[in-house]
Amino acid sequence: MARVRLGINCKLYYNTGSYSTPTWTEITIVKDVEITAEMDEADNTTRAEGGAKASEPTLLGIEVSGMIRHDDEDAAFLVMDGAFWQRTAKEFLVHNGATSSENSRGIRSYMKIFNWSESQANDAVLHRAFVLKPTISPTAGETMIRRANVEGGTV
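Our subject in this report is the structure included herewith. Along each chain, numbering runs from 1 in the same order as the chain's sequence is written. Side-chain atom pairs in this predicted model are given and counted only at pLDDT of 80 or more, local residue features only at pLDDT of at least 70, and totals for whole chains, interfaces and linings cover all residues. With hydrogens and water stripped out, all remaining heavy atoms of the structure feed into the side-chain values.

### Considerations on the packing of aromatic side chains
Centre distance within 6.5 Å is the pairing criterion for rings of Phe, Tyr and Trp, where only the six-membered ring of Trp is used; planes under 30 degrees apart are then read as stacked, over 60 as edge-to-face, and the remainder as tilted. Under the counting rule described, the total for this entry stands at four aromatic pairs. Taken together, F77, F84, W85 and W116 form an aromatic cluster joined through their ring pairs. It is R108 that lies over the ring of Y19; its NZ or CZ is 4.1 Å from the centre. Our definition puts a charge over a ring when NZ of Lys or CZ of Arg is within 6 Å of the ring centre and also within 35 degrees of the ring normal. Across the ring face of F114, the terminal group of K133 is positioned such that the distance to the ring centre comes to 5.4 Å.

In structure tokens:
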């Protein structure tokens, strides 16, 4: 029987260690996190297709969006707030389970925050909407976007 995965059990982490020996710190005050992965496309149409368009995937675009509760005493909120205003990259792991959950999977990438919006409606608990997008790794030799699967107890 297939294992059902629930959104409430998914995880968003940031790395406080190095790339080769990461220390994943969970961001627990997030909600409604969404990974959008979309390929750009190139036209590969020739006369052989008989008048139908043919396409090939080219560049992969990744966005991670969600909401984080505004909490000036939460370390993860402060890290993300600082990263936005300083325009610095942080390494994130977006996963459909814990880093100790066998066969959980997600993406790992250095990302920058491109949206940091806050609705201050009268009936709202303050949350920041965020959008993370991959950026160039701050040091050479690290993969920009990596699929991250837990196998044998490690990511």
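### What to know about a positive patch on the surface
On the surface, R3, R5, R105 and R147 cluster together into a patch of positive charge. Strands here mean DSSP runs of E at least two residues long; helices mean DSSP runs of H or I at least four residues long; both are numbered from the N terminus. Tracing the backbone through its elements, the reader meets R5 in the segment before β1 (11-15). Surface patches are defined over residues having more than 30% relative accessible area and no salt bridge, joining like charges when they lie within 9 Å and nonpolar side chains (Val, Leu, Ile, Met, Phe, Trp, Tyr) when within 5 Å. Working definition of accessibility: Shrake-Rupley area with a 1.4 Å probe, residue cover restricted to the visible protein chains. The rule for a salt bridge is simple: a side-chain nitrogen of Lys or Arg has to be within 4 Å of a carboxyl oxygen of Asp or Glu. For the charge count, each Lys or Arg is scored as positive and each Asp or Glu as negative, with His and the chain ends excluded. Lysine's charge is taken at NZ, arginine's at CZ, aspartate's at CG and glutamate's at CD.

### Side note on a nonpolar patch on the surface
Where nonpolar side chains cluster on the molecular surface, the patch consists of V4, L6 and I8 and spans about 350 Å² of accessible area. In this fold, L6 is placed in the segment before β1.

### Here we look at the environment of N149
Examined against the element boundaries, N149 turns out to sit in strand β8 (residues 145-149). Along the chain, N149 and L93 lie 56 residues apart, while their C-alpha atoms are 10 Å from each other.

### Quick notes on the pattern of salt bridges
With the rule as written, the count across this model stands at four salt bridges. For R108, the salt bridge goes to E91, with nearest N and O atoms at 2.3 Å. Here the residue R108 occupies a position in strand β6 (residues 105-118), and E91 occupies one in strand β5 (residues 90-95), the gap between them amounting to 17 residues. With a relative accessible area of 5%, R108 lands in the buried category. Each residue is assigned to one of three classes by its accessible area relative to the maximum for its type, calculated with a 1.4 Å probe on protein chains only: buried under 20%, partly exposed between the two thresholds, exposed over 50%.

### Section: unusual backbone geometry
At D32, a residue that is not glycine, the phi angle is positive and equals roughly 55°. Along the chain, D32 turns up in strand β3 (residues 30-43). When its relative accessible area of 59% is taken as the criterion, D32 is described as exposed. A positive phi angle, near 60°, is found at R87, a position not held by glycine. Examined against the element boundaries, R87 turns out to sit in the loop between α1 (75-86) and β5.

### As for the side chain of E91
The buried category is assigned to E91, whose relative accessible area is 3%. In protein, a polar contact means a hydrogen-donor-capable atom and an acceptor-capable atom, both N or O and within 3.5 Å, with residues adjacent in sequence counting only if both atoms are side-chain atoms; elsewhere, any N or O pair within 3.5 Å suffices. At 2.6 Å, the side chain of E91 forms a polar contact with the side chain of N15. For E91, the side chain forms a polar contact with the side chain of R108, separated by 2.3 Å. In this description, contact between two residues means that some pair of their heavy atoms is separated by no more than 4.5 Å. Those residues in contact with E91 that sit more than four places away from it in its chain are Y13, Y14, N15, Y19, W24, R108, S109 and Y110.

### Digging into a negative patch on the surface
Side chains of E38, D40, E41 and D43 sit close together on the surface and give a patch of like negative charge. Locating E38 in the fold gives a position in strand β3.

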